[in-house]
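# Coordinates in review
Given next are the chains, with one letter for each unit.
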Amino acid sequence: MNILHQIVEVKKNEVSELKKKYSKSSFEDSPFYNKNSFGFAKSISKSGQLNLIAEIKKASPSKGVLRINFNHKEIAKTYFDNSTSAVSVLTDEKFFQGSIKHLNDIAHFKKVPLLRKEFIIDEVQIYESKANGADAILLIAEILSANQIKDFTSIANDINLDVLLEIHSVNQLDKIDFSHNKIIGINNRNLETFSVDVNNTFELMKQIPNECIIVSESGITSQLAINKLKDKKVNAVLVGEFFMTSANIESSVKEFQKWCKHES
Ligand SMILES: O=C(O)c1ccccc1NCC(=O)[C@H](O)[C@H](O)COP(=O)(O)O
């Protein structure tokens, strides 16, 4: 059983506890629920640059704790002040030391769209995302059926949430209706070995229609990788560990943003 499936086993219990406390209608009462979303798709597909989705991630299954002096609000402010295209907030507690509270706290002063980075296996988590200020959610093709991908995407879109649909391998492609899911994340992390290889993005994107927005995810830490991604016209990158392990997050984001600009 790879790490994703281990996470899903824990998630099933968490979701059943969540459903004991909340329903769709209880989430509808939240102040965020009826607010307009910030447009995630538009923000991460701007031309002239590789768009940066900067992630707030205290720990990971592959590396353990990434940042000891972790303050989610300060990190979010740094990302907002340095013109990132979107911010991804890990909300999983057990494996990433995140929290839904982090998302809610940050949503009160957001300046760019927020992606809720979670392992979504039930529609109640989609309503919970909206109620806590998300503008977009992650769906992971490996842990969902084709019908779940379709239904969860429709539910999210109906409440104004964009969907980043993540794939890891060629095996997941036939579950996807690309006319319905136009934002595709390609994860470069091998879930058996945790090794990362940006070539996974280049191999898989060959099989994805040109009109899709492509996000390369995981293990992106160098200008060389950024240059290759720009050459292949990838729209956006999702980057966590590089910033979380930096002694100075602000200067790392500034440097990274310079790499991401296309030459005019
Ligand atoms: O980060 C992990 O170790 C991990 C393990 C198992 C499932 C998912 C995992 N990460 C989630 C992500 O997709 C990354 O946080 C995201 O792409 C950013 O990656 P990185 O820049 O390498 O932190």
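Definitions and limits used
Residues numbered from 1 in each chain as written. Predicted model: local features only at pLDDT ≥ 70, side-chain atom pairs only at ≥ 80, totals over all residues. Heavy atoms only, no water. UniProt positions renumbered as here; feature names shortened; annotations may be inferred. Buried < 20%, exposed > 50% of the residue type's maximum accessible area, 1.4 Å probe, protein only. Helix = DSSP H or I, 4+ residues; strand = E, 2+ residues; numbered from the N terminus. Contact = heavy atoms within 4.5 Å. Polar contact = N/O pair within 3.5 Å; in protein donor to acceptor, adjacent residues only side chain to side chain. Pairing = 2+ DSSP bridges. Right-handed = clockwise from strand over helix to strand, strands pointing away. Salt bridge = Lys/Arg side-chain N within 4 Å of Asp/Glu carboxyl O. Axes fitted to C-alpha atoms, helices over the stretch in contact; angles between N-to-C directions. Parallel < 35°, antiparallel > 145°, perpendicular 65-115°, else oblique. Left-handed = near helix turned anticlockwise from the far one by under 90°. Nonpolar A, V, L, I, M, F, W, Y, C, P; charged D, E, K, R; others polar.

Under the annotation held in an unreviewed UniProt entry, the chain carries the name Indole-3-glycerol phosphate synthase and is attributed to Stygiobacter electus. Its UniProt record gives the chain a comment under Pathway (unreviewed entry), which states: "Amino-acid biosynthesis; L-tryptophan biosynthesis; L-tryptophan from chorismate: step 4/5." In its Sequence similarities (unreviewed entry) section, the UniProt entry covering the chain states "Belongs to the TrpC family."

### What to know about helix H4 (residues 72–81)
His72, Ile75, Ala76, Thr78, Tyr79 and Phe80 are the residues of H4 that are buried. Residues of H4 that are buried make contact with strand S1 (51–56), strand S4 (86–90), helix H5 (100–107), strand S5 (114–117), helix H10 (241–244) and helix H11 (249–260). The opening residue of H4, the one whose side-chain oxygen lies 3.0 Å from the backbone nitrogen of Lys73, is Asn71.

### Re the side chain of Ser60
By the secondary structure assignment, Ser60 is in strand S2 (residues 59–60). A distance of 3.0 Å separates a polar side-chain atom of Ser60 from the backbone nitrogen of Lys63. If sequence neighbours within four positions are ignored, Ser60 has contacts with Leu66, Phe95 and Phe96.

### Focus on the pairing of strand S10 (residues 236–239)
Both faces of S10 are covered, namely the face carrying Ala236 and Leu238 and the face carrying Val237 and Val239. Bridge count between S1 and S10: four bridges; the pairing is parallel. Among the inter-strand pairings, Leu52 is bridged to a residue of S10, identified as Val237. Looking at chain direction, strand S9 (residues 213–217) and S10 are connected through three bridges and run parallel. Considered in S10, the bridge of Val215 is made with Ala236. The β-α-β motif built from S9, the intervening helix H9 (residues 223–231) and the parallel element S10 has right-handed crossover chirality.

### Remarks on the pattern of salt bridges
Summed over all chains, the structure comprises 18 salt bridges. Taking the shortest distance from any N to any O, the salt bridge between Asp122 and Lys19 comes out at 2.7 Å. Linking Asp122 in the loop between S5 and helix H6 (123–131) with Lys19 in helix H1 (residues 3–21), this pair joins segments that are 103 residues apart in sequence. Two residues, Glu128 and Arg116, come together in a salt bridge whose shortest N-O distance is 2.8 Å. Here Glu128 is found in helix H6, whereas its partner Arg116 is found in strand S5, with 12 residues between them in sequence. Take Glu128 and Arg116: they sit in the same class, and that class is buried. Residues joined in a network through salt bridges with shared partners are Lys11, Glu14, Asp92, Arg116, Glu118 and Glu128.

### Comments concerning the environment of Ser179
Within the fold, Ser179 resides in the loop between strand S7 (162–167) and strand S8 (183–187). Taking the relative accessible area as the measure of exposure, Ser179 reaches 55% and is therefore exposed. For the pair formed by Ser179 and Glu211, sequence separation is 32 residues and the distance between their alpha carbons is 9.4 Å. At 2.6 Å, the side chain of Ser179 forms a polar contact with the side chain of Asp177.

### Some points on the packing of H1 against H6
Two packed helices can be described by the angle between their axes and the distance between those axes. Contact pair H1 / H6: the axes reach a minimum separation of 10 Å and the direction vectors enclose 65°. The angle between H1 and H6 places the two elements in the roughly perpendicular class. In the crossing of H1 with H6, the sense of the turn from one axis to the other is left-handed. Contacts between H1 and H6 pair Lys11, Val15, Leu18 and Lys19 from the former with Val124, Gln125 and Glu128 from the latter. Broken down by class, the residue content of the contact of H1 with H6 amounts to three nonpolar, one polar and three charged.

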